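Observations on the three-dimensional arrangement
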Amino acid sequence: MTDALVVGLGPAGAATAIRLARAGLRVTAIDRAVFPREKACSEYLSPEGVRQLDLLGARERLVPLGEPLEGAMVRGPRGSALEGLFRETAPPDLGSVGLSVSRRILDATLVDLARAAGVTVLERTQLVDLTRTGGAVTGAVVRQGDRLDRVSSRIVVGADGLRSVTTRLLGGRRTEPLHRVALVAHVAEVRGVGRTAELHVGRGRYVGLNAIGGGVTNVAVVGRPERILSVPGDPEASWFAALEEFPAVQGRIRRDRIVRRVLATGPFAVRARRVVTDGALLVGDAADFFDPFTGEGICTALRGAGLAAPIIEEALTENRVAPVGVLARYRAARREAFLGKWAVERLIGYGMLFPALFDRAVERLGRRGMGHTLIGVTGDFLPARAVLNPGFLLAMLA
Ligand SMILES: Cc1cc2nc3c(=O)[nH]c(=O)nc-3n(C[C@H](O)[C@H](O)[C@H](O)COP(=O)(O)OP(=O)(O)OC[C@H]3O[C@@H](n4cnc5c(N)ncnc54)[C@H](O)[C@@H]3O)c2cc1C
């Protein structure tokens, strides 16, 4: 019997496990992968994301292994441009620089910290089913090779990402019509990449370029499957064909300079129907993930862990199994913390479906220097109301 069984050791699971173990709970964390492992991601963090790493004690180890990030540049479908620099709106105590670092390094570092905090880490171990007693989740069935084991736990934390098995077992997820997928590679010698991430928006798809250190650039293509997966069964050919359609990217990326194969992921825009139940709770992408454009999934996962851990601790103080009555506070805390962010993500994500309108908004905001505010909101260090107000919304279109 363990106090908490954490399923998945990405940022959400590792951060929750670290916090619970440091609070004195017995924690077992499983992942089907072996770390270090790769993850399809654009791999950048805002200054707030860096602060979240600092809270876990990971910042000092990660900063020398990545590349400083100053902000992002968005190019609209018809050539408009918008720059957002963290230093223009970040509060002085936050620091004005983000971080780009490979997920291979980031995730393995957090798993190391989890082990150091006393978490029992089981790799190559997959969640197969949840066990229940009287309706409450009281553990899980996990597979290690050919062996199936039962693990009893006072709470199961589902942190198993976009295609979470825990989410499916707890009631499934809702999908939104924004049906996008991504192809992501690491490429050497990409010309003209600086300390500002680039986002090039085209019709039905976009490309992200981001230097992650060691002369390597993360190159991601995101869009509807029919616009992205143009060469069936060949993600690399599809990825390259999509890149070639972006004039500002053409000729800068050489296919023979790929240093990590193209990884495919998606579809996105999913949300769990039930984030808490008796004996179980979801964090990170397992709870919700909309679209990678704003690049804030890691920070959200780390913040979500920060919201969940003290409520789990409290739920286990007086109860054998964490009751939904206490865990419901986590659902409320998430709503309070992320509601504005969810709205801004959707404003951008669905706005891209209308290229003329999107281009106009990018042009207006760029001309007025309002990209700095926007990146402060998407970067999680300015409140969403800095964007969700009549003045800002009018400036976008008028
Ligand atoms: C194309 C793309 C670009 C992105 N770019 C950025 C970016 O630049 N910055 C940013 O902050 N965010 C970005 N994101 C979002 C970010 O990747 C996610 O939000 C983040 O990884 C969520 O962390 P997590 O811990 O919830 O899930 P994950 O990181 O996906 O971790 C889940 C873990 O669960 C394990 N697992 C899965 N199933 C099981 C099972 N059945 N049993 C045991 N283990 C299991 C997996 O092996 C994995 O290690 C991007 C996402 C995409 C798709």
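Residues numbered from 1 in each chain as written. Predicted model: local features only at pLDDT ≥ 70, side-chain atom pairs only at ≥ 80, totals over all residues. Heavy atoms only, no water.

The next point concerns unusual backbone geometry. Excluding glycine, residues mostly carry a negative phi; peptide bonds, for their part, are mostly trans. Residue Pro-36 is reached from Phe-35 by a cis peptide bond, and omega for that bond is 0°. Its location among the elements puts Pro-36 in the loop between β2 (27–30) and β3 (44–45). Going from Gly-266 to Pro-267, the amide bond is cis rather than trans, its omega being -10°. Mapped onto the elements, Pro-267 comes out in the loop between β17 (258–265) and β18 (270–272). One non-glycine residue with positive phi stands out, namely Glu-43, at about 70°. Looking at the element boundaries, Glu-43 is found in the loop between β2 and β3. We classify Glu-43 as buried; its relative accessible area is 1%. With phi around 55°, Glu-189 is a residue other than glycine that occupies positive phi space. (Helix = DSSP H or I, 4+ residues; strand = E, 2+ residues; numbered from the N terminus. Buried < 20%, exposed > 50% of the residue type's maximum accessible area, 1.4 Å probe, protein only.)

Before going further, it helps to spend a moment on the domain arrangement of the protein chain. Domain parsing of the protein chain yields domain 1 (2–38 + 101–176 + 271–345) and domain 2 (181–265). The centre of domain 1, based on its C-alpha atoms, is set 30 Å off from the matching centre of domain 2. Of the residues lining the interface, 7 residues belong to domain 1; the matching set on domain 2 comes to 9 residues. Our count for the domain 1 to domain 2 interface comes out at 1 salt bridge. With a closest N to O distance of 3.2 Å, Glu-38 and Arg-260 form a salt bridge. The interface formed by domain 1 and domain 2 contains 3 residue pairs in polar contact (both at pLDDT 80 or more). Here the residues of the side of domain 1 that touches domain 2 are counted per class, giving 4 nonpolar, 1 polar and 2 charged. (Domains from an automatic or database assignment. Contact = heavy atoms within 4.5 Å. Salt bridge = Lys/Arg side-chain N within 4 Å of Asp/Glu carboxyl O. Polar contact = N/O pair within 3.5 Å; in protein donor to acceptor, adjacent residues only side chain to side chain. Nonpolar A, V, L, I, M, F, W, Y, C, P; charged D, E, K, R; others polar.)

The subject of this paragraph is the sheet that holds strand β13 (residues 181–188). The strand order across the open sheet built from 7 strands is β6-β5-β14-β15-β16-β13-β17, with neighbouring strands paired in mixed fashion. Two strands lie at the open edges of the sheet, namely β6 (81–85) and β17, each paired on one side alone. This sheet shows a mean twist of 15° between the axes of neighbouring strands, independent of strand direction. Both β13 and strand β16 (residues 216–223) contribute to a ladder of 8 bridges, which runs antiparallel. Across the sheet, the residue bridging to Ala-185 is Val-219, located in β16. Against the sheet, helix α11 (residues 355–367) engages β5 (71–75), β6 and β14 (196–202), with an angle of about 50° to β6. (Pairing = 2+ DSSP bridges. Axes fitted to C-alpha atoms, helices over the stretch in contact; angles between N-to-C directions.)

Let us now look at the sheet that holds β18. Spatially, 3 strands are ordered β12-β18-β21 in an open sheet, and the strand pairing comes out antiparallel. At either end of the open sheet lies a strand with only one pairing partner, and these are β12 (173–175) and β21 (288–289). By the bridge criterion, 3 bridges tie β12 to β18 in an arrangement that is antiparallel. If you follow Arg-173 over to β18, its bridge partner there is Ala-272.

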